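Residue-level structural notes
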Amino acid sequence: MPKPTSVRSRDLALLENLWREAIERYTLPNGLTVLLKRDTAAPVSSVQVWVKTGSIHEGGALGAGLSHYLEHMLFKGTERRAGREISATVQAHGGYINAYTTFDRTVYYIDLPAAHTAVALDLLADATLHSTLPAAEVAKEKEVILREIDMCLDDPDQRLAQALFETAFRTHPYRQPIIGHRDVFAACTRDDLLAYYRARYVPNNLVVVIVGDFDPAATRAAIAEHFGKSPRGRLAPVLVPDESAQLSRRDMHLAEDVQVSRAGLGWQIPGLTHPDAPALDLLSMVLGHGDSSLLWQSIREKARLVHTIDAMSWSPGTSGLFYISYLADPDKRVAAEAAIRRELDRIAQKGISPKMLAKAVRQAVTSEINMRKTMSGQASRLGSGEVVVGDINYTRTYFERLFALTPAALQRVMRTYLVPERLTVVSSNPKDSVVAAGGLVAGPAAALDFEEIDLPNGAKLLLQPNKQLPNLHLRLAFAGGPMIEPAGCRGLTALMAALLAKDTTRRSAEEVARAIEEVGGSFGEFSGNNSFGLAAEVLPGDASLALELIADAVLRPAFKPARLEVERESALAALKESLDDVVTVGRKKMREKFFGAHPFAIESGGDEAGLKAMQIADLRALHARLAVAGNAVLAVAGDFDAKAFGPKLKAFLGQLPKGAVPRAKAPLKVKAGDFTEIQPRQQAIVFQAFPGPGLLAPDYTVSEVMDELFSGMSSHLFERVREQKSLAYFVRSSRIVGLGSGMFYFYAGTSPQRYEEVIAELNLEIARVQAGKVGAEELHRCQVRLKAGKRMSLQTNSARAMQAGLNAVYGLPVNDWRTYDARVDAVSLDAVRAFAVKYFQAAQRVQLVVKP
């Protein structure tokens, strides 16, 4: 009789299959490194250029943010292309272009249909190696980044993060903000920027990473053509000083215009390549990853001192931080810190159970697999291995160390690193609170169609087997949301969904969390304007557990009064936290003004009055009304056997009580007007809102095209407001959509002195579209971008299950992706003009300006 296979052996086998996937690595004569991985799971490629330079490499300009400045400037013009031509070309080929800067790297990437991989290579080579940094653009972009810096100064989470790094690091450049200090950045000249560009952007400091369904031979030739002709450059080493040993506790506590206290405890730890890095990663998972983690259970669930708490091990380069962060009421922050330290002392003495260690190992394995869901994720994983670690196969070494860990090893690193003399404590608190210190081969492509099965009781089952990745996603969706809630209980659906994912009559919330986290899976609720539900994601061998948790949650919810109070407090704290973000405050106020008495006037998470009014009886009544067979859709996507698993899924759905939920309707009566909201912030936010079509409206697809038309770096609106006039850091459109109606709105972040100019530009853009001045190329670029975006959005099992499930809930075709291209292509220039004339009328506009 064969011996049973251990969980770790099965997990290792899963990873071995991934590690065996072919990766081609080679170096061009000029020193440029190339990484290629072919994957035919989706007709998409992710083309990335990793520049081995970040904010810690700025030498004499340290603190100026030159790396981030360059990231903005490389799309502004080259020897061959004008600035707008770069983003326009990407969008014309259905791609998405972006970039980001960190402490130790700057990454430029384009995700696009695989047939256009060579186009992305041409554009990225041109931008990284042949940018001209036009003087006028340098000046304009400086204004844009100054607005971005102001946004950071308005964000309490950003301020707290900067306080942490400034306090924890005394000599290492990590203490400098990536974006730069405002005054140091403002003093930078084009000469400073050009000198940095010429010194660091040389082929021998670049890594090109490509993952996707590309042609290997053609791609190698394109790399040689576009990157290989640039000569190797001088590359002087940059001295990055090591952080000196911390000898005693450090504190920084901020008193600010915030509603709740944010706080964190950080300890200096070694970098990613250190032998203790895997143990520290697992320790962070055991302590603060998920609802069954030790700190979540002890500090949130039992002591009730915090609303959220988590832990992370951040270890790039040669040094890093082990960080525990939490959100608390101001009068509980100090007590929470003391409780956390007591719990850490207890765990350091008592140790960590083998079961907790096994759960963390499974979480690490799942995380490694989840990183590979998309082409972009796989490329990022390869780039990180090459640039950050220096070894694309490092994950194998990492997991060998990780699988060898014991509870004693985690206890050892806890006693070594989480000690008082290494501790840094930071917090952000309301001003009126007391602040106290204390050869490339790919697997078969996956089919995208879901099989639809209608059950006798009215429930619907959607199945999409897909063996491409050892990953399985289950999503149970129901119609719900504000339209169905009692008027005095806004947010009832979201709170009910939160409780469904907690206690059942068979398991406590802690047992639910422990069960899913022990297998490295995820389980939780979702809710929005029109729906709610539950989702579980696991490795294939844990499919039965995922179904069991969903079934228990829906069929046997406990709705405990104590749990209601915990989740109510958490929801109220989240509302308070949202008030610290000026854009969110503005969006809430705009919804209130625009929707008036309509249920959408309040976000799906509810408001303070509604949350405080809810009782257990309200939750039970809504659950009984909505959790019925005729309102249920279960979508399953991933690695499963439909013949074996299908009967179990049907058996669960068959237990749902019969019933249906009539579609709710509410008239939308907009009272137009111009409003002002005063907020103590550095920037101003402008909103303009108009009625828009709902999901079921005949012109809904036109609204998607319109949203694309006004958004993105190559849009006419962005080009004029940000690029030409430097009036705003961000400007775009967005939508709040119901089934029958919705809101189409524009918003922009600008300076308090120039918001009226932004309003004028929004009005001019609307008038331009109403006058029929949108060009054929402009429309075509939007259509290509939307169609490519749809393909990219279908890369993961979770995304496909979500889209198919919600389509079924809303009465739309489950596999509507098949007709999506045709619907988008059918949108004409006349339809664009007619949409603008119909909806963007001044007589039905609600305008809001949020300003200091």
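Small disclaimer: the values here were computed from a predicted structure and weren't measured.

Some details on the pattern of salt bridges
- Summed over all chains, the structure comprises 65 salt bridges.
- For the salt bridge of Lys-76 with Glu-141, the shortest nitrogen-to-oxygen distance reads 3.2 Å. With a gap of 65 residues between them, Lys-76 in the loop between α2 (66-73) and α3 (83-92) and Glu-141 in helix α5 (residues 135-154) connect regions that are remote in the sequence. Residue Lys-76 shares its accessibility class with Glu-141, and that shared class is buried.
- Note that Lys-725 and Glu-761 form a salt bridge whose closest N and O atoms lie 2.9 Å from each other. With Lys-725 in the loop between α26 (716-724) and β20 (728-737) and Glu-761 in helix α27 (residues 755-770), the pair connects residues that are 36 residues apart, well separated along the chain.

What about unusual backbone geometry?
- In this structure, Leu-133 is a non-glycine residue whose phi angle is positive, near 50 degrees.
- In this fold, Leu-133 is placed in the loop between α4 (117-130) and α5.
- Positive phi outside glycine occurs at Phe-559, with the angle close to 50 degrees.
- Inspection of the secondary structure assignment puts Phe-559 in the loop between α19 (543-555) and α20 (561-578).
- With a relative accessible area of 3%, Phe-559 lands in the buried category.

Details of the sheet that holds strand β4 (residues 96-101)
- Here six strands make up an open sheet; going across it, the order is β1-β2-β6-β3-β5-β4 and the pairing mixed. Two strands bound the open sheet, and with one partner strand each, they are β1 (24-27) and β4. Across the sheet, the mean angle from the axis of one strand to that of its neighbour is 15 degrees, orientation sign disregarded.
- Note that β1 and strand β2 (residues 33-38) share four bridges and pair antiparallel. Bridging from a neighbouring strand, Arg-25 pairs with Leu-35 of β2.
- On the sheet, helix α9 (residues 216-227) packs against β1, β2, β3 (44-51) and β6 (206-212) and is oriented at approximately 160 degrees with respect to β2.
- Contacts from helix α28 (residues 776-793) reach β3, β4 and β5 (106-113) within the one sheet, and its direction differs from that of β5 by about 100 degrees.

Things to note about empty space enclosed by the protein
- Its volume calculated, the largest cavity comes out at about 70 Å³.
- Taken together, Leu-448, Phe-450, Gln-464, Leu-794, Arg-800, Gln-803, Ala-804, Asn-807, Val-814, Asn-815, Asp-816 and Trp-817 make up the full set of residues lining the largest cavity.
- For the lining of the largest cavity, the element with the most residues is helix α29 (residues 797-810), which contributes four residues.
- For the lining of the largest cavity, a count of residues per class yields six nonpolar, four polar and two charged.
- When its volume is computed, the second largest cavity comes out at roughly 50 Å³.
- Every residue along the wall of the second largest cavity is listed here: Gln-91, Glu-708, Leu-709, Ser-711, Ser-714, Ser-715, His-716, Glu-778, Arg-781 and Cys-782.
- Contributions of two or more residues to the lining of the second largest cavity are made by α25 (700-709) and α28.
- By residue number, the principal contributor to the lining of the second largest cavity is α28, which donates three residues.
- A per-class count over the lining of the second largest cavity returns two nonpolar, five polar and three charged.

Definitions and cut-offs
- Residues numbered from 1 in each chain as written.
- Predicted model: local features only at pLDDT ≥ 70, side-chain atom pairs only at ≥ 80, totals over all residues.
- Heavy atoms only, no water.
- Salt bridge = Lys/Arg side-chain N within 4 Å of Asp/Glu carboxyl O.
- Helix = DSSP H or I, 4+ residues; strand = E, 2+ residues; numbered from the N terminus.
- Buried < 20%, exposed > 50% of the residue type's maximum accessible area, 1.4 Å probe, protein only.
- Pairing = 2+ DSSP bridges.
- Axes fitted to C-alpha atoms, helices over the stretch in contact; angles between N-to-C directions.
- Contact = heavy atoms within 4.5 Å.
- 1 Å grid on protein atoms, 1.4 Å probe; cavity = no way out; pocket = protein on both sides within 12 Å on 5 of 7 lines; lining within 4 Å.
- Points joined across faces, edges and corners; volume = space filled by probe spheres on them.
- Nonpolar A, V, L, I, M, F, W, Y, C, P; charged D, E, K, R; others polar.

In short, the description is geometric, and any link to function would need to be established separately.
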